[in-house]
Amino acid sequence: MAINTADIHPRVLAHLGDAAYELRVRQKALEAGHTRLDTVHRYCTARVNGAFQARLLKALDGFLTDAERDLVRRGRNLPVTAKKRSDHLTHRQASGFEALFGYLHLEDPGRLDTLWRQILPYIDDPDSLPV
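Residues numbered from 1 in each chain as written. Predicted model: local features only at pLDDT ≥ 70, side-chain atom pairs only at ≥ 80, totals over all residues. Heavy atoms only, no water.

**Brief notes about the overall build of the protein**
Within the protein, the secondary structure is distributed over 6 helices and 0 strands. N-terminal to C-terminal, the α/β element order of the protein is α-α-α-α-α-α. The C-alpha atoms of the protein give 14 Å as radius of gyration, which agrees with the globular expectation for 131 residues (14 Å, within 12%). Put simply, of all contacts in the protein between residues at least 6 apart along the chain, 70% involve residues at least 24 apart. On the protein, roughly 7,800 Å² of surface is accessible, and the fraction owed to carbon and sulfur atoms is 53%. For the protein, the distance from the average site of its 19 positive side-chain charges to the average site of its 17 negative ones is 6 Å. (Helix = DSSP H or I, 4+ residues; strand = E, 2+ residues; numbered from the N terminus. Rg over C-alpha atoms; globule rule 2.2 N^0.38 Å. Contact = heavy atoms within 4.5 Å. Areas by Shrake-Rupley, 256 points an atom, 1.4 Å probe, with all protein chains shown as cover. Lys, Arg positive; Asp, Glu negative; His and termini not counted. Charge placed at Lys NZ, Arg CZ, Asp CG, Glu CD.)

Quick look at the structure:
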């Protein structure tokens with residue numbers, strides 16, 4: 001059964017995108033040779049958080065299509081529903097990133113792979129990610 005992504009609320013896309021992104025980061029941790037749970041956890045928490053995702057979104061800006069930017073905008077404009085550890089602007093940017101990831105996970109995995117390759121150097125070396 002095909003999923004009609006046009007009918008999916010951006011918050012649901014962001015929820016899925018958060019999981020899809022974290023799964024890729026966890027796999028990358030294993031590929032980087034981290035085999036102990038504590039080191040995998042530290043690797044992932046440094047890369048799977050709102051501040052890092054907001055910075056990744058900024059790094060991707062020049063690679064996004066107009067349709068992808070629109071989807072990010074829809075995800076970014078979701079109201080913040082709970083007190084978050086980060087400021088609201090950062091949380092909104094991260095939600096836009098996650099909505100894009102969720103949408104592409106369902107709709108265009110090849111495009112998601114392309115964007116993943118763009119951010120992979122920052123996953124490998126978080127300190128190289130521009131602020």
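**Some remarks on the pattern of salt bridges**
In this structure the tally under the stated criterion is 9 salt bridges. Across the salt bridge formed by Arg24 and Asp113, the nearest N and O atoms sit 2.7 Å from each other. One end of the pair, Arg24, is in helix α1 (residues 10-31); the other, Asp113, is in helix α6 (residues 109-124), and 89 residues separate them in sequence. On the accessibility criterion, Arg24 (22% relative accessible area) is partly exposed. By sharing partners, the salt bridges in this structure join Arg36, Asp38 and Arg42 into a single network. (Salt bridge = Lys/Arg side-chain N within 4 Å of Asp/Glu carboxyl O. Buried < 20%, exposed > 50% of the residue type's maximum accessible area, 1.4 Å probe, protein only.)

**Considering the packing of helix α3 (residues 50-60) against helix α5 (residues 88-107)**
As a packed pair, α3 and α5 sit with axes 8 Å apart at the nearest point and diverge in direction by 65 degrees. Like other packed secondary-structure pairs, α3 and α5 cross with a definite hand, here left-handed. Side by side, α3 and α5 meet where Gly50, Ala51, Gln53, Ala54, Leu56, Leu57 and Leu60 of the first sit next to Thr90, Gln93, Ala94, Phe97 and Glu98 of the second. Classifying every residue of the contact of α3 with α5 by side-chain character gives 7 nonpolar, 4 polar and 1 charged. (Axes fitted to C-alpha atoms, helices over the stretch in contact; angles between N-to-C directions. Left-handed = near helix turned anticlockwise from the far one by under 90°. Nonpolar A, V, L, I, M, F, W, Y, C, P; charged D, E, K, R; others polar.)

**As for the side chain of Glu98**
Turning to its location among the elements, Glu98 is positioned in helix α5. A relative accessible area of 13% places Glu98 in the buried class. Sequence-distant contacts of Glu98, defined by excluding residues within four places in its chain, comprise Leu13, Ala14, Gly17, Asp18 and Gln53.

**Looking at the packing of α1 against helix α2 (residues 37-45)**
Between α1 and α2, the shortest axis-to-axis distance is 9 Å and the interhelical angle comes to 130 degrees. The angle between α1 and α2 places the two elements in the oblique class. Crossing angle aside, the handedness with which α1 passes α2 is right-handed. Contacts from Val25, Arg26, Lys28, Ala29 and Leu30 in α1 reach Val40, Tyr43 and Cys44 in α2. In terms of residue class, the contact of α1 with α2 is built from 6 nonpolar, no polar and 2 charged. (Parallel < 35°, antiparallel > 145°, perpendicular 65-115°, else oblique.)

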